[in-house]
Amino acid sequence: MHKLVLIRHGESTWNLENRFTGWTDVALTATGIEQARTAGRLLAAEGYEFDQCHTSVLKRATHTLWHCLDAMERTWLPVAHSWRLNERHYGALQGLNKAETAKEYGDEQVLVWRRSYDVPPPALEPQDPRSERGDIRYAKLEAGQVPLTECLKDTVARVLPYWHEAIAPRLRAGQRVLIAAHGNSMRALVKYLDGISDEDIVGLNIPNGIPLVYELDADLKPLRHYYLGDAQAAARAAASVAAQGKA
Ligand SMILES: O=C(O)[C@@H](CO)OP(=O)(O)O
């Protein structure tokens, strides 16, 4: 059996302000740092060990991984970064307050933008100062690979090549992998792993900073998955993520 642990970053400054974030590179709050450290302590207490860590190129996920590994006394572990694990790009919604957007466009429209499989939020203009196209960290990508918006389907399409090339072969070789990522890049991976339908993925919300453990068979098919620690607290935290897009 292979074990894979996924962790969404801890609370970010824009989670606290309830703003659509996407590829905007915001920091963790003090609460977010503590969530990451608590996750590390929990993993250590349960005897988890890792051979390889993967994260995005955004600091809220990177710092979550650092704090989690620091709490585990495992900062020496190898860490790979990929833009493919970045949050789903939120297009022209990036920076807007979620509840105010729901007041303006309605809860249902915001649910479609936040959770539908194939409806992207309105796109950024390429010359919009919020666009990441001039950001040095994406300089090696082709222009079209830096999104102006993404639906979850687009995120699945760029996360899965990384899964197949960088993560699955390591798991098959017996390595223990920790991935620190984002709400929607994790929804993309979980949709693939669990074979969740396009309709049912709308109801899936991932809480900040709680390790999500996948036990996988030899073919990397999930046998079971669970949040470490208090399952009811994880369910409450997921429900509060779902409520963030309501007026
Ligand atoms: O704003 C975002 O980028 C994501 C994650 O914080 O939000 P949501 O849960 O609304 O998809």
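What you are looking at is a predicted structure, and each value in this text was computed from that prediction instead of being measured. (Residues numbered from 1 in each chain as written. Predicted model: local features only at pLDDT ≥ 70, side-chain atom pairs only at ≥ 80, totals over all residues.)

Undergrad: So what about the nonpolar core? Which residues, and what values?
TA: Counting 34 residues, the largest nonpolar core has L6, L65, C68, L178, I179, A180 and A181 as its most contacted members. Those residues in contact with L178 that sit more than four places away from it in its chain are V5, F50 and C53. Membership of the second largest hydrophobic core comes to six residues, among which are F20, L93, V110 and W113. (Core = buried A, V, L, I, M, F, W, Y, C linked by C-beta atoms within 7 Å. Buried ≥ 20, exposed ≤ 12 C-beta atoms within 10 Å, placed from the backbone. Contact = placed C-beta atoms within 7 Å.)

Undergrad: Run through the site of the ligand, naming residues and quoting values.
TA: Around the ligand there are 13 residues in total, and F20, T21, E87, R114 and G183 lie nearest to it. Residues of the shell around the ligand, tallied by class, amount to three nonpolar, seven polar and three charged. (Near = placed C-beta within 6 Å. Nonpolar A, V, L, I, M, F, W, Y, C, P; charged D, E, K, R; others polar.)

Undergrad: How would you sum up the packing of helix α4 (residues 98-105) against helix α5 (residues 107-115)? Please name residues and give values.
TA: Packing of α4 against α5 brings their axes to within 7 Å, and their N-to-C directions diverge by 125°. Our classification of the angle between α4 and α5 gives oblique. In contact with K98, T101, A102 and Y105 of α4, α5 contributes D107, Q109 and V110. Residues belonging to the contact of α4 with α5 are distributed by class as follows: three nonpolar, two polar and two charged. (Axes fitted to C-alpha atoms, helices over the stretch in contact; angles between N-to-C directions. Helix = DSSP H or I, 4+ residues; strand = E, 2+ residues; numbered from the N terminus. Parallel < 35°, antiparallel > 145°, perpendicular 65-115°, else oblique.)

Undergrad: Requested: an account of the environment of L220, with residues and values cited.
TA: Along the chain, L220 falls in the loop between β5 (212-216) and β6 (222-227). Along the sequence, L220 and R172 sit 48 residues apart, while their C-alpha atoms lie 7.7 Å from each other.

Undergrad: So what about unusual backbone geometry? Which residues, and what values?
TA: A positive phi angle, near 55°, is found at N18, a position not held by glycine. With respect to the element layout, N18 can be found in the loop between α1 (13-16) and α2 (30-45). Even without glycine at this site, E73 takes up a positive phi of about 60°. Take E73: it is sitting in the loop between α3 (59-71) and β3 (79-81). Using a count of 9 C-beta atoms within 10 Å as the deciding quantity, one classes E73 as exposed.

Undergrad: So what's going on with the pairing of β6? Which residues, and what values?
TA: Among the six residues of β6, zero are classified as buried, and the element is accordingly described as predominantly exposed. Relative to β6, β5 is paired through five bridges, and the arrangement is antiparallel. Each bridged residue has a counterpart across the sheet, and for E215 the counterpart in β6 is R224. The turn linking β5 back onto β6 is made up of five residues, and L220 within it adopts a positive phi angle of 65°. (Pairing = 2+ DSSP bridges.)

Undergrad: Explain helix α6 (residues 152-172) to me, and be specific about the residues and the numbers.
TA: At W163, α6 shows its maximal kink, close to 45°. Turning to α6, its buried residues number three or more, namely L152, T155, V156, R158, V159, W163 and I167. Buried residues belonging to α6 abut β2 (52-55), β4 (177-181) and α7 (183-194). In the segment just after α6, G174 is the residue with positive phi, at about 95°. (Bend = angle between axes of the 7 residues up to and from the residue.)

Honestly, that's just the spatial picture; any functional story needs more than this.
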